[in-house]
Amino acid sequence: MDTRAGAADGARGSAPATAPETAPDTAPDTLSDTAPDSVADSVADTAPDTVAGAVPDDTASRPLRDREATTRRILEAATRLFAEHGYDQVTMRMIANAADANVALVNRYFGSKANLFAEVIAARSPLERVVEGDPAGLPARLGAYVARRIAAETSDPVARAIDRAGSSPEIKAVLRRRVEVAMIAPIAAKLAGPGARERAAIAAAIILGGGSLRRTLGQDAARDVDPASLERRLTAVFTEVLAP
C-alpha cells in the first residue's frame, strides 16, 4: 500500500514538471520566431512585386490591345468587302463574320454602316502620297496614278470602295467630305493663282472617272491602249487642267 501510493504520488509530482518546461520553450518560440520571418515577411516582400505590380499592369492593358486588334480586323474586313461588293450590297453581319467578330460588337464600335464606311475611306490612300511632292511634278504623278488605275495595275482597296460606293443617301455626305479632304483640298494647296479649288475639283473628277471607267469596262478599259501613251496623254490633260 505504501509503495503503490508513493509511486502514484511520484507520478503525479513528476508529470507537471516536464510539460511546462518543454512546451513553452519550443512551440510558442517556434511560432513567434519563424512564422513572421518566413511566411508573413515573405508575403509582404513578394506580393507587391509579383501580384500587385506586374499582373495588374498586364491585365489593364489587355482589354485595350484586344479592342485595337478587333477594330483592325473589322476595318480590314470592311475595306475588302466594300471594295469587292460595293457599299449597298454589304451588311454589318457580313463584315462581322469576315472579321470573326460579333455583329453587336461591330455596331458598338462604329455605330452604323455609314460610320464604318467613313472610317474605311479615311485610311491613307496612295493618292495622298501622289499629291505630296513638288507642285511642278504633280501633273505627271497624277497622270501615272490614273493610268495605273485604268490599267488595273493598282489594287488600292480604299479607292475601289469609293468607286463602288453607289448612290446611297446615307453616304453622300461621307463621300463628299472625303473627296474634299483627300482630293480637292490637297491638290488645290499645290496650285498657284486664282481658281485653285475649281481646277482641283476638275482634277478630282478625272481621277474618280478613271476608277469608274475601269470598274465599268473591266479588262477592256485599257486592252488596246499603250500604257506609256495613256500616261503621257493623261499627264497632258492634268497639265492643262491644273494650269492657272
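Structure's up top.
Because the structure is a prediction, the values reported are computed rather than measured. (Residues numbered from 1 in each chain as written. Predicted model: local features only at pLDDT ≥ 70, side-chain atom pairs only at ≥ 80, totals over all residues. Heavy atoms only, no water.)

Here we take up helix H10 (residues 227–242). Under the 1.5 Å per step criterion, the end-to-end length of H10 is 22 Å for 16 residues, consistent within 8% with the ideal 22 Å. All of the buried residues along H10 are Ser229, Leu230, Leu234, Thr235, Phe238, Val241 and Leu242. (Helix = DSSP H or I, 4+ residues; strand = E, 2+ residues; numbered from the N terminus. Expected span 1.5 Å × (residues − 1). Buried < 20%, exposed > 50% of the residue type's maximum accessible area, 1.4 Å probe, protein only.)

Aromatic ring pairs are defined here through the distance separating the ring centres and the angle between the ring planes. All told, the structure shown has 3 aromatic pairs when counted by the stated rule. Measuring from centroid to centroid gives 5.6 Å for Phe82 and Tyr87, while their planes differ by 25 degrees, and the two rings are stacked. The two residues Phe82 and Tyr87 agree in class, both being buried. Judged by centre distance (5.1 Å) and plane angle (75 degrees), the ring pair of Tyr87 and Phe117 falls under edge-to-face. Highlighted residues: Tyr87 in the loop between helix H1 (2–85) and helix H2 (92–98) and Phe117 in helix H4 (residues 113–121), separated in sequence by 30 residues. On the basis of relative accessibility, which here comes to 0%, the residue Tyr87 falls in the buried class. Ring pairs connect the aromatic residues Phe82, Tyr87 and Phe117, which therefore count as one cluster. Residue placement shows Arg67 over the ring face of Tyr109; its charged tip is 4.1 Å from the ring centre. (Phe/Tyr/Trp six-rings, centres within 6.5 Å; stacked < 30°, edge-to-face > 60°. Lys NZ or Arg CZ within 6 Å of the ring centre and 35° of its normal.)

Let us now look at the pattern of salt bridges. For the structure on display, the rule yields 3 salt bridges. Glu128 is paired through a salt bridge with Arg178; the nearest N and O atoms lie 3.4 Å apart. On the criterion of sequence distance, the pair formed by Glu128 in helix H5 (residues 126–131) and Arg178 in helix H8 (residues 169–190) is long-range, its members being 50 residues apart. Judged by relative accessible area, which is 22%, Glu128 ranks as partly exposed. The partner of Arg197 in a salt bridge is Glu180, with the nearest N and O atoms 2.4 Å apart. Of this pair, Arg197 sits in helix H9 (residues 196–217) while Glu180 sits in helix H8, and the two are 17 residues apart along the sequence. On the accessibility criterion, Glu180 (27% relative accessible area) is partly exposed. (Salt bridge = Lys/Arg side-chain N within 4 Å of Asp/Glu carboxyl O.)

It is the contact of H8 with H9, at a shortest axis distance of 8 Å, that shows an interaxial angle of 125 degrees. By the angle between their axes, H8 is oblique relative to H9. Handedness of the H8/H9 crossing: right-handed. Within the contact between the two elements, H8 uses Val179, Glu180, Met183, Ile184, Ile187 and Ala188 and H9 uses Ala196, Arg197, Ala200, Ala201, Ala203, Ala204, Ile207 and Leu208. When grouped by side-chain class, the residues that make up the contact of H8 with H9 number 12 nonpolar, no polar and 2 charged. (Axes fitted to C-alpha atoms, helices over the stretch in contact; angles between N-to-C directions. Parallel < 35°, antiparallel > 145°, perpendicular 65-115°, else oblique. Left-handed = near helix turned anticlockwise from the far one by under 90°. Contact = heavy atoms within 4.5 Å. Nonpolar A, V, L, I, M, F, W, Y, C, P; charged D, E, K, R; others polar.)

This part covers the environment of Leu175. For Leu175, the location among the structural elements is in helix H8. Judged by its relative accessible area of 16%, Leu175 is buried. On a C-alpha basis, the gap between Leu175 and Ile121 in space is 8.5 Å, while along the polypeptide they are 54 residues apart. Discounting residues that sit within four places of it in the chain, Leu175 has contacts with Phe117, Ile121, Ile162 and Ala165.

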